[in-house]
Amino acid sequence: MSQNKMTIIASKGSLDMAYPPLILATTAAAMDFDVTIFFTFFGLDIIKKGYADKLKIAPIGNPAMPMPVPIPTLVGSLPGMEAIATAMMKSMFKKHGVATISQLLDLAKESGVKLIACQMTMDVMGVKQSDIIDGVEFGGAAMWMDSATDAKINLFI
Amino acid sequence: MSAEVKVDQILDCKGMSCPLPILKTKKAVESLTKGQVLKVLTTDPGSKNDMSSWAKRTGNEILNVEEGSGTFTFYIKKTS
């Protein structure tokens, strides 16, 4: 069987948006896909050393955010609300047996998912190669294009 | 099923959510030799369809699925 390929561009660094790329990447690898994730812009936070378990959820601008009691949108902008929303979401994930971001990253690496950090974003944001977790390659748009050209599935998240 | 299936390994994924049951099943199946059977227990209602999609794509065979009191039991034969 010729190997299927998938690439994902992970462009967001909030807790909720870190899940889909990693869930899909690990699952695709388990289904014998050759997988590449290209981390760019805020998505870079997912692979910064010590960041994986500190990603947060923005409680404002998200009408679907579940809250124990309905709160006016503006309350979400108050200091501390981000921490509350993040803690609440994490406890919901834990209760339902959802893996943490760092667990998924480990599983991705273990199953051979290729991780690429966007060098341009790193330069703009002052991120050094030593700030990025081990096992990540560094490159740019051409590197992603090369993988994407013969991939069956290419996602921008 | 009429005849009892000979199980070579049991994997308990009860309480785990997507995608962990699939990732752990993949790992367990890899540790088997062709023809051996893995029994997987899950409680994730999504795992029923997920497991069959996974098996289809990886060329492994689900011999049987049992459902009862919130638990799904899969018997997967390594065929690839």
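Residues numbered from 1 in each chain as written. Chains lettered and ligands numbered in written order. Predicted model: local features only at pLDDT ≥ 70, side-chain atom pairs only at ≥ 80, totals over all residues.

### Digging into the sheet that holds strand β1 (residues 9-13) of chain B
Residue and element names in this part refer to chain B.
- Sheet architecture is open: four strands sit in the order β1-β2-β4-β3, paired in mixed fashion. With one partner strand each, in any of the chains shown, β1 and β3 (61-68) form the two edges of the open sheet. Mean inter-strand twist for the sheet, computed between neighbouring axes without regard to direction, equals 15°.
- Inspection of the sheet shows β3 paired to strand β4 (residues 71-77) by seven bridges, in the antiparallel sense. Residue pairing across strands places glutamate 66 opposite threonine 73, the latter belonging to β4. (Pairing = 2+ DSSP bridges. Helix = DSSP H or I, 4+ residues; strand = E, 2+ residues; numbered from the N terminus. Axes fitted to C-alpha atoms, helices over the stretch in contact; angles between N-to-C directions.)

### What about helix α1 (residues 20-31) of chain B?
- In a regular helix each residue adds 1.5 Å, so 12 residues correspond to 16 Å; α1 of chain B covers 17 Å between its end C-alpha atoms and thus fits that length.
- Every buried residue of α1 of chain B is listed here: Leu20, Pro21, Ile22, Leu23, Thr25, Lys26 and Val29 of chain B. (Expected span 1.5 Å × (residues − 1). Buried ≥ 20, exposed ≤ 12 C-beta atoms within 10 Å, placed from the backbone.)

### Here we look at the interface of chain A and chain B
- The partner chain B presents 12 residues to the 11 residues of chain A that form the contact.
- Examining the composition of the side of chain A that touches chain B, we find that four residues originate from one element, helix α1 (residues 15-30) of chain A, more than from any other.
- For the side of chain A that touches chain B, the class distribution of residues is six nonpolar, four polar and one charged. (Contact = placed C-beta atoms within 7 Å. Nonpolar A, V, L, I, M, F, W, Y, C, P; charged D, E, K, R; others polar.)

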